[in-house]
Amino acid sequence: MKRREFVRTAGGATAAVAASTAATGTVSAEESPDFEGYLDGVDGGYEDLRGQDEVVVDVGAEGNGGDLAFSPAGIWIDEGTTVRWVWTGGGGAHNVVADEENTDFENDHSDIDSGSPVDEEGYEYEYTFDDGGRTGYVCAPHRGVNMFGAVAVGDEVPVIEPGPDDGWPEDPGQWGVPIHAHWVGVASVFGIVLTFVFTFYMLKYGESAHTGHGGNR
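The rules behind each value
Each residue is numbered by its place in its chain's sequence as written, counting from 1. Side-chain atom pairs in this predicted model are given and counted only at pLDDT of 80 or more, local residue features only at pLDDT of at least 70, and totals for whole chains, interfaces and linings cover all residues. Excluded from the side-chain calculation are hydrogens and water; included are all heavy atoms of the structure. Numbered from the N terminus, helices here are DSSP runs of H or I no shorter than four residues, and strands are runs of E no shorter than two. Throughout this description, buried means an accessible area under 20% of the type-specific maximum (1.4 Å probe, protein chains only), exposed means over 50%, and partly exposed covers the range between. The contact criterion used is simple: two residues touch if any of their non-hydrogen atoms lie within 4.5 Å. Only the protein chains shown count as cover for residues, and all accessible areas are computed by the Shrake-Rupley method using a 1.4 Å probe. Two distance rules govern patches: like charges are joined within 9 Å, and nonpolar side chains (Val, Leu, Ile, Met, Phe, Trp, Tyr) within 5 Å, applied only to residues with over 30% relative accessible area and no salt bridge. For this document, the term salt bridge refers to a Lys or Arg side-chain nitrogen within 4 Å of an Asp or Glu carboxyl oxygen. Positive residues here are Lys and Arg, negative ones are Asp and Glu, while His and the chain termini are left out of the count. Every charge is mapped to an atom, namely NZ of Lys, CZ of Arg, CG of Asp or CD of Glu. Only strands joined by at least two bridges in the DSSP assignment are considered to pair.

A tally of regular secondary structure across the protein chain gives two helices and 11 strands. Order of helices (α) and strands (β) in the protein chain, N terminus to C terminus: α-β-β-β-β-β-β-β-β-β-β-β-α. Here the protein chain holds 217 residues, and 35% of them are scored as buried. In the protein chain, the proportion of contacts linking residues at least 24 apart, taken out of those at least 6 apart, comes to 73%. Surface accessibility of the protein chain: about 12700 Å² in total, with carbon and sulfur atoms responsible for 51%.

Next comes the structure, spelled out in structure tokens:
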């Protein structure tokens with residue numbers, strides 16, 4: 001292959017690889033309330049429930065090693081929204097109380113208190129969040145197994161801004177079939193590098209590595 005032909009071919013390959021990489025473009029996640037790490041290691045998930053007048057949080061949902069979670073554990077709601085905590089009957093007796101030991105952020109609704117622990121399925125406790133802010137709460141009997149929850153109210157709470165999604169899951173347990181698409185990106189980068197290496201070689205020597213440089217024999 002002549003030098004000019006190779007450069008033309010390499011350029012096309014590089015463009016194709018770049019297009020392949022662009023096709024796997026990143027998608028940014030939506031912003032979420034910043035609970036300052038309060039829910040780190042806590043099962044139950046998070047949901048943006050703004051736009052609803054009333055929301056439900058299950059008490060005694062599966063998680064934290066048993067039926068020992070609030071679900072969803074973290075919620076974002078509007079001012080004036082009523083939250084109904086509904087007992088599933090699983091995991092023993094639970095309650096919902098503002099976490100006085102929370103040092104991650106100030107509890108703006110420190111009067112949340114469902115009273116003594118209850119194990120009755122269908123039992124309910126409700127609280128209307130008239131003011132904005134953040135509040136962490138806990139099931140007192142199950143603090144030791146991370147049965148925590150948190151509520152963010154209004155649009156003035158600190159948020160975690162969305163960043164570029166690099167495609168790699170934070171939890172290695174989520175790796176598997178979805179990671180195949182990321183190998184495409186890795187292979188694309190490798191291909192670009194390899195293309196430049198061979199382009200450099202051809203520009204310097206003019207012929208392929210298998211072509212001799214001596215005279216005809």
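On the surface, Glu79, Glu106, Asp108, Asp130, Asp131 and Glu156 cluster together to form a negatively charged patch. For aspartate 131, the location among the structural elements is in the loop between β8 (124-129) and β9 (133-138). For aspartate 131, a relative accessible area of 53% gives the class exposed.

Let us look at the pattern of salt bridges. Following the criterion strictly, the structure yields seven salt bridges and no others. Measuring nitrogen to oxygen at the nearest pair gives 3.0 Å for the salt bridge that ties glutamate 36 to arginine 134. With glutamate 36 in the loop between β1 (32-33) and β2 (46-48) and arginine 134 in strand β9, the pair connects residues that are 98 residues apart, well separated along the chain. Here glutamate 36 falls in the partly exposed class, since its relative accessible area comes to 35%. The salt bridge involving arginine 50 is made with aspartate 155; its shortest N-O contact spans 3.2 Å. With arginine 50 in the loop between β2 and β3 (54-63) and aspartate 155 in the loop between β10 (148-153) and β11 (159-160), this pair connects stretches of sequence that are 105 residues apart. Residue classification places aspartate 155 among the exposed positions, given a relative accessible area of 56%. Here the salt bridges share partners, and the residues they tie into one network are Asp48, Arg50 and Asp155.

Below, the discussion takes up the sheet that holds β10. A sheet is described by the order of its strands in space; here five strands give the open sequence β2-β5-β10-β9-β7, paired in mixed fashion. The open sheet has two edge strands, β2 and β7 (97-98), and neither has a second partner. The pairing of β2 with strand β5 (residues 74-77) spans three bridges and is classified as parallel. Within β5, the residue paired with tyrosine 46 across the bridge is glycine 74.

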